[in-house]
Amino acid sequence: MSSTQTARTPEKLKDNALQDSIAILDFGSQYSQLIARRVRELNTYSELLPFHTSATEVSRLKPKGVILSGGPNSVYDVGAPECDLAIWKLGIPILGVCYGMQLMAHQLGGMVESAAIREYGRAQLTVVHHGQLFNGLEPTIESWMSHGDSVTELPPGFSIIGRTMATPVAAIADEERGFYGVQFHPEVVHTVGGLDIIRNFVLNICKCSQSWTMDKFIEEAISNVQARVGTRRVLLALSGGVDSSTLAFLLHKAVGDQLTCMFIDQGFMRKNEPEWLVETFERDFRIHVHFVKARDRFLEKLKGVTDPEEKRKKIGAEFIRVFEEESRRLGPFDFLAQGTLYPDVIESAGTNIDPKTGERVAVKIKSHHNVGGLPEDLQFKLVEPFDKLFKDEVRKVAAGLGVPEGIRVRHPFPGPGLAIRVLGEVTKERLKTLREADWIIREEIKAHKLYRQVWQIFGVLLPTKSVGVMGDQRTYQNQVVIRAVTSEDGMTADWARLPYDLLDTISRRIVNEVPGVNRVVYDITSKPPATIEWE
Ligand code: XMP
């Protein structure tokens, strides 16, 4: 959907100015989001801003402190990212992490050079002076380093507060101005006491109040939605995942029956899931769900399709058609609600605030909902109350709103569902085979109480057959893969070391109980080099 068809308001930026917050200037480190999450774990709101955000724009947010993230560059690279020099005149504490510390030294008159010894991984940091930043920490800290450059000359007013064997200037401070720099990454779990360092900065140095709680978020989100929506109507496409389900709960609380929930059954959900979902919403929570039966249409579109991307495209296009037809039938609606999360906004927008206007630039519509390309006459304004939340925060909101556990702890499930887990052509029969096998996998992982320990676990039906022998008879049948991974965020993953007994039970049950399957294999590949899904 183009930005002319949807309207995002930058109003939230103003709202956030009402509570204590930390602004994080993002210089491109893979850990930037993690810094934001750590600050929020301390119940203080934090927001990631592009590194070039002007000091005027930063101060519009009224943060009580600034953190400069790490980044892949060297301060001496041509075009290396720099922050607005006026940031140093804002009169608020600033913590530079890794590249952020080097930039601090560089911009304030120190010297940064390519390090004689590069330092990657764990390093023992000796605290030279505890001061406010290392207050309460041990004299040596196991820290996580990842740098090729080092500060070799301190800027005026600074002193060294920590060193390692390889890096004599590993932490610096100018306590008077409230400027601190750490060469290591306090935001990663490998830095022992890292959260204490962030706590010292956020709560003691910046003196932030701990007002960012999910209860307060819920309260504010409800009143924001009420103010924005008024007496108008909102449409929400439920997917069954935690984001859209939690959103349904929140919106129902906010605007009651002005909310219309639609569930399009493409036929690619797991066994019993569509029915369970609708029943839970309707019976337990009295939230009406328009159940759209569309299984046959989707299957028809996938006839003869074997290429994974083509499957996704066909499913996406059909989703739009059904969505269009149904929203016309049930409409008109003024608003479309989406469970867009903060990482979606940051990732898809990159530099998500226009440095000139200070407004959030148009962000790509969440592709999962596939509402791109709607016709002109279906114009919606977007309601995206979670666009400032991380996934773990949505789960807390879900708990606060009483969303049932079955939805809250649900593993991520791809939009195209089982269609990309039936490798090759998708047919009714093959979907049924996978559904039954997948059901067993889920039953067993839950029975072994390991469901929450894995990020995802599911079955994949291969497009090949293999020979077997069952009761003296030669068989030539399907193979099912068990895919189970552990992960923090789905970006990287490791195969789960499930107990052999569990794998054995799953394998026996699938072969015995699912007609047409004579072999079960376990995927022992991490991501990278593989992906979590097979298609
Ligand atoms: P991969 O397979 O890329 O998956 O390692 C990473 C995460 O994304 C999910 N996934 C999808 N989700 N539509 C979705 O909504 C898709 O087409 C899709 N493909 C993968 C996957 O389940 C995992 O959690």
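What you see is a predicted model; the values in this text were computed from it and never measured.

Caption draft 1: Just the sheet that holds strand S6 (residues 140–153), in detail. Pairing within the open sheet is mixed, and its 9 strands lie in the order S2-S1-S3-S4-S9-S8-S7-S5-S6. Two strands lie at the open edges of the sheet, namely strand S2 (45–50) and S6, each paired on one side alone. With strand direction ignored, the average angle separating the axes of adjacent strands in the sheet is 20 degrees. Pairing of strand S3 (residues 65–68) with strand S4 (residues 94–97), which is carried by 3 bridges, proceeds in the parallel orientation.

Caption draft 2: Broad picture of the site of the ligand. Not every one of the 13 residues close to the ligand is listed here, only the nearest: Arg 312, Gln 456, Lys 527, Ile 532 and Glu 533. For the ligand, an oxygen atom lies 2.6 Å from a polar atom in the side chain of Arg 312. Taking 490 Å² as the accessible area of the ligand by itself, protein coverage stands at 72%.

Caption draft 3: Expanded view of the nonpolar core. By size, the foremost hydrophobic cluster in this structure holds 89 residues, and its most contacted members are Leu 498 and Ile 510. Taken together, domain 2 (214–408) and domain 3 (421–522) each give at least three residues to this core, which thus spans both. Setting aside residues up to four positions removed in sequence, Ile 510 forms contacts with Ala 437, Ile 440, Ile 441, Val 480, Val 517 and Val 520. Counting 37 residues, the second largest nonpolar core, distinct from the first, contains Ile 24, Ile 205, Cys 208 and Tyr 342.

Caption draft 4: Representation of the pattern of salt bridges. Counted according to the given criterion, the structure contains 37 salt bridges. A salt bridge links Arg 37 to Asp 392; the shortest N-O distance between them is 3.4 Å. Taken together, the positions of Arg 37 in helix H2 (residues 32–41) and Asp 392 in helix H12 (residues 391–401) put the pair 355 residues apart, joining distant regions of the chain. With a relative accessible area of 24%, Arg 37 lands in the partly exposed category. By relative accessible area, which is 30% here, Asp 392 ends up partly exposed. Shared partners join several salt bridges into a network, and the residues in it are Arg 270, Glu 273, Arg 410, Asp 438 and Arg 442.

Caption draft 5: Quick look at the packing of helix H6 (residues 214–229) against H12. Contact geometry for H6 and H12: axes closest at 9 Å, N-to-C directions at 75 degrees. As the angle between them shows, H6 and H12 are arranged roughly perpendicular. Together, Met 214, Phe 217 and Ile 218 of H6 and Glu 393, Lys 396, Val 397, Gly 400 and Leu 401 of H12 make up the contact between the two elements.

Caption draft 6: Summary view of the domain arrangement of the chain. Here the domain parsing of the chain yields domain 1 (21–205), domain 2 (214–408) and domain 3 (421–522). Look at where the C-alpha atoms of domain 1 and domain 2 centre, and you get two points 38 Å apart.

Caption draft 7: Inspection of unusual backbone geometry at higher detail. Looking along the chain, the bond that leaves Gly 331 and enters Pro 332 is cis, with omega of 5 degrees. Among the structural elements, Pro 332 can be located in the loop between helix H10 (308–330) and strand S13 (335–337). With a phi angle near 60 degrees, Lys 207 is a residue other than glycine that sits in the positive phi range. Along the chain, the position of Lys 207 falls in the loop between helix H5 (194–205) and H6.

Caption draft 8: Spatial organisation of the pairing of strand S10 (residues 234–238). Across the 5 residues that make up S10, a large majority, 5, are buried. What you see with S10 is no split at all: Val 234, Leu 236 and Leu 238 on one side and Leu 235 and Ala 237 on the other are buried throughout. Sheet topology places S10 next to strand S11 (residues 259–265); 5 bridges connect them, and they run parallel. Looking at the pairing, Leu 235 lines up with Thr 260 of S11. Considered for its hand, the β-α-β crossover made up of S10, helix H7 (residues 242–255) and S11 is right-handed. Judged from the 3 bridges that link them, S10 and S13 form a sheet pairing that is parallel. In the sheet register, Leu 235 faces S13, and the bridge partner there is Leu 336.

Caption draft 9: Focus on the side chain of His 147. Here His 147 is to be found in strand S6. For His 147, the side chain forms a polar contact with the main-chain oxygen of Asp 149, separated by 2.6 Å. Each residue touching His 147, except ones within four places of it in the same chain, is listed here: Cys 98, Gln 102, Arg 118, Glu 119, Tyr 120, Thr 167 and Gln 183.

Caption draft 10: Focus on the packing of aromatic side chains. Considering all chains together, one arrives at 15 aromatic pairs under this definition. Each ring, one from Phe 249 and one from Phe 281, has its centre 5.5 Å from the other, and the planes form 70 degrees; the classification is edge-to-face. With Phe 249 in helix H7 and Phe 281 in helix H8 (residues 273–285), the pair connects residues that are 32 residues apart, well separated along the chain. By relative accessible area, which is 6% here, Phe 249 ends up buried.

Caption draft 11: Fine view of the pairing of strand S9 (residues 179–182). The side-chain alternation of S9 yields two buried faces, one formed by Phe 179 and Gly 181 and the other by Tyr 180 and Val 182. Bridge count for strand S8 (residues 171–174) against S9 is 4 bridges, and the pairing is antiparallel. Of the residues in S9, the one forming a bridge with Ala 173 is Tyr 180. Following S8, the chain reverses through 4 residues before pairing antiparallel with S9; Gly 178 in that reversal takes a positive phi of roughly 75 degrees.

Caption draft 12: Just the state of the cysteines, in detail. For the structure shown, the criterion picks out 0 disulfides. Free cysteine: Cys 83, not disulfide-bonded; nearest cysteine sulfur from Cys 98 at 15 Å. With a relative accessible area of 5%, Cys 83 lands in the buried category.

About the criteria used
- Residues numbered from 1 in each chain as written.
- Predicted model: local features only at pLDDT ≥ 70, side-chain atom pairs only at ≥ 80, totals over all residues.
- Heavy atoms only, no water.
- Pairing = 2+ DSSP bridges.
- Helix = DSSP H or I, 4+ residues; strand = E, 2+ residues; numbered from the N terminus.
- Axes fitted to C-alpha atoms, helices over the stretch in contact; angles between N-to-C directions.
- Near = heavy atom within 4 Å.
- Polar contact = N/O pair within 3.5 Å; in protein donor to acceptor, adjacent residues only side chain to side chain.
- Areas by Shrake-Rupley, 256 points an atom, 1.4 Å probe, with all protein chains shown as cover.
- Core = buried A, V, L, I, M, F, W, Y, C linked by side-chain atoms within 4.5 Å.
- Buried < 20%, exposed > 50% of the residue type's maximum accessible area, 1.4 Å probe, protein only.
- Domains from an automatic or database assignment.
- Contact = heavy atoms within 4.5 Å.
- Salt bridge = Lys/Arg side-chain N within 4 Å of Asp/Glu carboxyl O.
- Parallel < 35°, antiparallel > 145°, perpendicular 65-115°, else oblique.
- Right-handed = clockwise from strand over helix to strand, strands pointing away.
- Phe/Tyr/Trp six-rings, centres within 6.5 Å; stacked < 30°, edge-to-face > 60°.
- Disulfide = S-S within 2.5 Å.

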